[in-house]
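# Inside the fold
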Number of protein chains: 2
Amino acid sequence: MPNPLPVIVQGLGPIGRKIAQAAQRDAGLDVVAASDIDRRLIGRDLAELDPDDDQPQALPSGIIVRPSLGLARADAEEAGATAPVVLHATGSYLSSTAPQLEEALQLGLSVVSTCEELAYPFVRHPEISKRLDALAISAGCTLVGTGVNPGFLMDQLVVALSGASHDIRSVTVKRVQDPTPRREPFQHKVGLNITRAQYDARAESGEFGHVGLVESGRLIAAGLGWQIDDWTDTLEPVQPNPDGLVLGMLEILEGTSPDGHTVRLHWEAQGGVDESYDEIIVDGTPPLTLRFIGGVFGDDATSAAVLRAAKAIPSAAPGLLTVLDLPLRARPAVG
Amino acid sequence: MPNPLPVIVQGLGPIGRKIAQAAQRDAGLDVVAASDIDRRLIGRDLAELDPDDDQPQALPSGIIVRPSLGLARADAEEAGATAPVVLHATGSYLSSTAPQLEEALQLGLSVVSTCEELAYPFVRHPEISKRLDALAISAGCTLVGTGVNPGFLMDQLVVALSGASHDIRSVTVKRVQDPTPRREPFQHKVGLNITRAQYDARAESGEFGHVGLVESGRLIAAGLGWQIDDWTDTLEPVQPNPDGLVLGMLEILEGTSPDGHTVRLHWEAQGGVDESYDEIIVDGTPPLTLRFIGGVFGDDATSAAVLRAAKAIPSAAPGLLTVLDLPLRARPAVG
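All residue numbers refer to positions counted from 1 along the written sequence of the respective chain. A letter from A marks each chain and a number from 1 marks each ligand, given out in the order of writing. Owing to the predicted nature of the model, reporting of local features is limited to residues with pLDDT of at least 70; listing and counting of side-chain atom pairs is limited to 80 or more, with chain, interface and lining totals taken over all residues. Processing note: side-chain calculations cover all non-hydrogen atoms of the structure and skip hydrogens and water entirely.

## What to know about the sheet that holds strand 13 (residues 319-321) of chain A
Residues and elements named next belong to chain A. What counts, and what does not: At least two bridges found by DSSP between two strands are what make those strands a pair. Secondary structure counts use DSSP, requiring at least four H or I residues in a row for a helix and at least two E residues in a row for a strand, with both numbered from the N terminus. The contact definition used throughout considers only heavy atoms, calling two residues in contact when any of these lie within 4.5 Å. Angles run from 0 to 180 degrees between N-to-C directions of axes, and those axes are lines fitted to C-alpha atoms, restricted for helices to the stretch in contact.
Across the sheet, seven strands lie side by side as 3-2-1-4-5-6-13; this open sheet has parallel pairing. Each edge of the open sheet carries a strand with a single partner, namely strand 3 (65-66) and strand 13. Examined bridge by bridge, strand 6 (residues 142-145) and strand 13 share three bridges and lie parallel to one another. The residue bridging Leu143 from the neighbouring strand is Leu320, located in strand 13. Contacts between helix 9 (residues 298-312) and the sheet are confined to strand 1 (5-10), strand 2 (29-35), strand 4 (85-88) and strand 5 (110-113), with strand 4 contributing the most and set at about 160° to the helix.

## Things to note about the state of the cysteines
One covalent bond between the sulfur atoms of two cysteine residues makes up a disulfide. The criterion, for reference: Disulfides are defined as cysteine sulfur pairs within 2.5 Å.
The tally for this structure, following the rule as stated, stands at zero disulfides over all chains. Looking at B:Cys141, it has no disulfide partner, and the nearest cysteine sulfur is the one in B:Cys115, 18 Å off.

## What about the side chain of A:Asp299?
Of note, A:Asp299 is situated in helix 9. Setting aside anything within four residues of it in sequence, one finds A:Asp299 in contact with A:Ile15, A:Lys18, A:Arg182 and A:Arg183.

## Points about the interface of chain B and chain A
Convention followed: Reported buried area values correspond to the accessible surface (1.4 Å probe) lost by two parts on association, with both partners' losses combined. In what follows, salt bridge is the name for a side-chain nitrogen of Lys or Arg lying within 4 Å of a carboxyl oxygen of Asp or Glu. Here a polar contact is recorded for every N or O atom pair within 3.5 Å, except that within protein the pair must consist of a potential hydrogen donor and a potential acceptor, and residues adjacent in sequence are included only if both atoms are side-chain atoms. Residue polarity follows a fixed list, in which Ala, Val, Leu, Ile, Met, Phe, Trp, Tyr, Cys and Pro are nonpolar, Asp, Glu, Lys and Arg are charged, and the others, Gly among them, are polar.
With 53 residues of chain B at the interface, the matching set in chain A holds 53 residues. Carbon and sulfur atoms make up 63% of the area that chain B and chain A hide from each other, which totals about 4,400 Å². Linking chain B with chain A are four salt bridges. The partner of A:Asp325 in a salt bridge is B:Arg329, and the shortest N-O contact between them spans 2.9 Å. Applying the counting rule to chain B against chain A returns 19 residue pairs in polar contact (both at pLDDT 80 or more). The set of elements that each furnish at least two residues to the side of chain B that touches chain A consists of helix 4 (126-139), helix 5 (156-161), strand 7 (166-177), helix 8 (213-224), strand 12 (288-293), helix 9 (298-312) and strand 13 (319-321) of chain B. If you tally residues by element for the side of chain B that touches chain A, the top one is helix 9 of chain B, at seven residues. Considering only residue class, the side of chain B that touches chain A consists of 30 nonpolar, 13 polar and 10 charged. Two strands pair when backbone bridges link them, and strand 12 (residues 288-292) of chain A and strand 12 of chain B are joined in this way by three bridges, in the antiparallel orientation. Within strand 12 of chain B, the position partnered with A:Leu290 by the bridge is B:Phe292.

So, in structure tokens, the structure goes:
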């Protein structure tokens, strides 16, 4: 077993706390520092920030939340960690997270981020992508976006799975979730149990709904070598009774390459589903139909995806990568 | 789209023919040469060797089966292919395929092989592994074993999938197949519809049954970082009626690390199954239960796995690798 990989957790909202807790429980990782800009968190021991409530844990971790990544890195250096990897969970949109990512790279730190737009940023944010890639390469660092979705279930896993089928004509992915057992921000994000007027007002505000379905579609296309430039993306409220509450939302993304290869993604999160499930259908030779019984619980899966990507960082190339560019493990020497 | 990757198909039995045909249909690959030691095949056009029967196809491919890899490489060079990858499908056992693999590496050729024991050869064949790894590194070539099983369904996919769960305690994989629609060598291999006396005689001969379940178990353990040294492996005939025919076989492999992590693999191929299916259960956070409805048709999936690995070769490190060490795609430049 190699030495555990030192990591710094940046951003201690609900997902960041889950990542921190999961990383502390992972023998392959060593949480050496943490940072957040929230004054209510700065100076507190990481052990006090339980993912699910604010009850203090039995033992202090000794990791104190710092107000900046630079100060967190100083903690890491004091702990003897020369090349810690940043586990970054502060936001979904690259325009607001890019300055944080640039700072990390300028500090010489590799980053695994839950920023949804970072999962495949090259089309939506070409200039930021080039800048981050150049910065990462000159710093000898790796930057990659991941999470359950985008980052795993509707893209990376689809590409991995498609390695068992050739002559593929289309892939279809359905993610159907009951938001009821999820954390409140997620319920809010998908519009569970709100009026239609509230839904419409939020939809107009812009930052509403799931972020990253187009990123998933582009990851699949990149992984399968399909040139898809035009995507149709529809987002609609799920409102079974016109006079009743909105239960959530349904987003459908579809794109077809000029030579006839199609990606179809169906993302549904609403309180009226009978059972959560995820399904991947690969129309190729052989045909593959894969179903997750009971679905995949997103928050925990996102934490897991971040930890997995972090462990691949030491054997990854420098630059702005995608989850498709990471090996499944760090390669040990033979014999 | 980058230029297609040139490949040489070595070994034109049922699987090699399927690989050759699938590679010829793949825009990302270019079949430039072929070889086999079988006198009945040498000198024939690859197009005559249909995977499913011996009917000639409409158009000759211009690829003539050569008696040796050296002569096939000369064909490749004549076609302008400077670094073709060998798609090797000649046998399951490394003791007999190793000389062929060494020859390829000495010729400066990278190899993707269906040899089951090559999927994780480091424990069963440590000396051969070290020799092949050293040869590959000194030649700047990559050597990797893959296929549906071992190589994908019961190992690579399990490790990929486990990237969405943390604190994993155990993984269980069940592959249940009806051999009836498979090619005859597969039916023979699993003992479909033979007497118990015939079964016992074949079992004594040694080379009987599925090859590679232990390799799958070791790949999973390596991918998850679990130190499992002791495995129990049982293989039994499926014979519902003591006076009746054997319908096939059931192999069960199980191993647990000193710190309590367990891998369980169930491989069943017999004529009495209601429906083929594959199932992966990850006991972690979150728990994951994944099921392939109708199973995964092995021969086609093996071809696909070989093509996928071949495409990853240009961006892979030199040496004797496993499927866990390959990225999902060759990385393009940003921007």
